[in-house]
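Per-entry structural report
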Amino acid sequence: MNKPDKNIKPKKELTIDQKINRRNFISFGTFAVLGTAAYGGWRKLYTSPIEKLGITGEAHKPLRRALNKSELFFRNFFSNNHLVKTYPKSMAAKVVRKNTSIGADSRLDAASWRLQVKKITGEVLNITIDEIKALPKTDLVFDFKCVEGWDQIQHWGGVKFIDFVEHFGLESEIKLDYVGMETPDKAYYVGLDMDSALHPQTILAYEMNDAPIPVPHGAPLRLIIPVKYGIKNLKRIGMISFSNRRPHDYWAEQGYDYYSGL
Ligand SMILES: Nc1nc2c(c(=O)[nH]1)N[C@H]1C(S)=C(S)[C@@H](COP(=O)(O)O)O[C@H]1N2
Ligand SMILES: [Mo]
């Protein structure tokens with residue numbers, strides 16, 4: 001039998017209790033360090049200033065910077081005249097899907113309906129559907145997408161928002177950052193960034209499948225904005241306004257993304 005070498009110190013065995021204590025110490029220490037860092041990060045975010053303006057204001061600035069980065073990408077993508085894919089008329093659905101119609105499902109008094117446009121001077125234009133129909137008509141067949149997960153190729157016709165703006169002399173208004181639209185009873189309302197509103201495929205539509213829009217789909221005039229999800233495509237427009245502050249938005253108030261771009 002070999003005698004133990006005097007020069008090699010016997011390795012000190014840790015007892016089970018010591019092992020547990022040491023592990024607890026390490027994990028608690030790690031937890032404390034990470035926890036402090038996380039709390040610090042959260043504090044920093046929480047106490048950071050809240051953005052007032054900007055496309056998606058009212059969020060803490062560091063968060064918003066990240067969101068704005070991706071948003072800016074898409075805004076540039078669309079404002080550089082990138083067009084949404086279009087289809088031949090023959091591919092458009094004959095039976096058009098219908099979704100919620102908040103503010104657009106009561107009886108429509110077509111004769112008294114007017115599109116109100118609030119100018120920045122305070123003046124309010126009252127525009128008839130015939131005045132709108134007299135403007136150049138654009139047809140659009142595209143894939144309409146609802147955030148609930150369905151999509152459908154649909155055919156809409158109306159005046160490009162940009163043509164409407166030009167005709168009614170709203171040059172000063174479109175220098176602002178946002179457009180707000182709401183139903184005549186103000187029950188449903190959307191806010192749109194100006195770039196998307198002025199996109200060449202954004203139309204104030206009065207026709208669906210070459211016929212006047214039926215009431216369930218937004219008669220007499222609805223917004224068709226193919227760079228956005230369905231939620232922004234307001235049915236039965238009553239009022240249009242312009243501002244540098246984000247207009248209120250029905251679904252954004254329920255927690256949906258304000259921008260709701262595709
Ligand atoms: N006034 C009004 N417009 C609205 C809505 C609404 O509830 N009220 N719903 C939106 C949603 S979520 C979608 S998907 C589309 C559906 O349009 P459709 O019923 O013609 O398919 O309208 C949008 N516009
Ligand atoms: Mo939707």
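Up top you'll find the structure we're talking about.
Throughout what follows, the structure given in this document is the object of discussion. Keep in mind the model is a prediction, meaning the values are calculated, not measured.

1. Section: the overall build of the protein chain
Counting secondary structure elements, the protein chain contains five helices and 10 strands. Counting every position in the protein chain, which comprises 262 residues, the buried fraction comes to 42%. The long-range share in the protein chain, meaning contacts at least 24 apart out of those at least 6 apart in sequence, stands at 66%.

2. Things to note about the layout of surface pockets
Remark: the empty space left among the atoms is shown by a probe the size of a water molecule rolled over them. The calculated volume of the largest pocket comes to roughly 320 Å³. What lines the largest pocket is a set of 25 residues, among which Asn-99, Thr-100, Gly-230, Ile-231 and Lys-235 lie closest to the centre. Residue composition of the lining of the largest pocket, grouped by class: 13 nonpolar, eight polar and four charged.

3. Details of the site of ligand 1
Ligand 1 sits among 19 residues. The nearest are Arg-97, Asn-99, Ile-102, His-217 and Lys-235. Between ligand 1 and Asn-99, the relevant distance is 2.7 Å, taken from an oxygen atom to a main-chain nitrogen or oxygen of the residue. For ligand 1, an oxygen atom lies 2.8 Å from a polar atom in the side chain of Arg-222. The protein chains hide 99% of the 530 Å² of surface that ligand 1 would expose on its own. In this structure, ligand 1 is accommodated by the largest pocket. Its residues placed into classes, the shell around ligand 1 shows eight nonpolar, seven polar and four charged.

4. Topic: the sheet that holds strand S6 (residues 189-193)
Taking strand neighbours across the sheet as the criterion, the five strands line up as S2-S1-S10-S5-S6 in an open arrangement whose pairing is mixed. Of all the strands in the sheet, just strand S2 (124-127) and S6 have a single pairing partner and so form its edges. Taken over all neighbouring pairs, the strand axes of this sheet differ in orientation by 20° on average, direction set aside. Two strands pair when backbone bridges link them, and strand S5 (residues 178-182) and strand S10 (residues 239-243) are joined in this way by five bridges, in the antiparallel orientation. Bridge pairing links Gly-180 to Ser-241 in S10.

5. As for the nonpolar core
In terms of nonpolar packing, the biggest core is built from 52 residues, with Leu-115, Phe-161, Phe-164, Met-181, Leu-204 and Ile-240 touching the most fellow members. The element contributing the most residues to this core is strand S7 (residues 203-208), with five residues. With residues up to four places along the chain from it excluded, the contact list for Leu-115 reads Leu-125, Asn-126, Ile-127, Ile-132, Phe-164, Leu-221, Ile-237, Gly-238, Met-239 and Ile-240.

6. Details of empty space enclosed by the protein
By the definition in use, this model includes one cavity of 30 Å³ or more. Roughly 30 Å³ of volume is contained in the largest cavity. What lines the largest cavity is Phe-142, Asp-143, Phe-144, Lys-145, Ile-225, Pro-226, Lys-228, Tyr-229, Gly-230, Asn-233 and Leu-262. Here the residues of the lining of the largest cavity are counted per class, giving six nonpolar, two polar and three charged.

7. Notes on the side chain of Glu-182
Mapping Glu-182 onto the fold places it in strand S5. Residues within four places of Glu-182 in sequence aside, it is in contact with Tyr-188, Tyr-189, Leu-234, Arg-236, Ile-237, Gly-238, Met-239 and His-248.

8. A closer look at the pattern of salt bridges
Summed over the entire model, instances satisfying the criterion amount to six salt bridges. Among the salt bridges present, the one from Lys-228 reaches Asp-193, with a minimum N-O distance of 2.9 Å. Residue Lys-228 is located in the loop between strand S9 (222-224) and S10, and its partner Asp-193 is located in strand S6; the two are separated by 35 residues in the primary sequence. On the basis of relative accessibility, which here comes to 3%, the residue Lys-228 falls in the buried class. Owing to a relative accessible area of 3%, Asp-193 belongs among the buried residues under this scheme.

9. Comments concerning unusual backbone geometry
Omega for the bond connecting Ala-219 with Pro-220 falls within 30 degrees of zero, at -5°, which places this linkage in the cis form. The topology assignment puts Pro-220 in the loop between strand S8 (211-212) and S9. One non-glycine residue, Asn-209, lies in positive phi territory at about 50°. For Asn-209, the location among the structural elements is in the loop between S7 and S8. Take Asn-209: its relative accessible area is 24%, and that puts it in the partly exposed class.

10. Quick word on the pairing of strand S4 (residues 151-160)
For S4, a buried count of eight out of 10 residues is recorded, marking the element as mostly surrounded by other parts of the structure. Bridge analysis of strand S3 (residues 138-145) against S4 gives eight bridges, and the strand direction is antiparallel. Counted as the bridge partner of Lys-145 is Asp-151 from S4. From the end of S3 to the start of S4, which pair antiparallel, there are five residues, and Gly-149 there has a positive phi angle of about 115°.

What counts, and at which threshold
Residues numbered from 1 in each chain as written. Chains lettered and ligands numbered in written order. Predicted model: local features only at pLDDT ≥ 70, side-chain atom pairs only at ≥ 80, totals over all residues. Heavy atoms only, no water. Helix = DSSP H or I, 4+ residues; strand = E, 2+ residues; numbered from the N terminus. Buried < 20%, exposed > 50% of the residue type's maximum accessible area, 1.4 Å probe, protein only. Contact = heavy atoms within 4.5 Å. 1 Å grid on protein atoms, 1.4 Å probe; cavity = no way out; pocket = protein on both sides within 12 Å on 5 of 7 lines; lining within 4 Å. Points joined across faces, edges and corners; volume = space filled by probe spheres on them. Nonpolar A, V, L, I, M, F, W, Y, C, P; charged D, E, K, R; others polar. Near = heavy atom within 4 Å. Polar contact = N/O pair within 3.5 Å; in protein donor to acceptor, adjacent residues only side chain to side chain. Areas by Shrake-Rupley, 256 points an atom, 1.4 Å probe, with all protein chains shown as cover. Sits in = over half its atoms within 2 Å of the grid points. Pairing = 2+ DSSP bridges. Axes fitted to C-alpha atoms, helices over the stretch in contact; angles between N-to-C directions. Core = buried A, V, L, I, M, F, W, Y, C linked by side-chain atoms within 4.5 Å. Salt bridge = Lys/Arg side-chain N within 4 Å of Asp/Glu carboxyl O.

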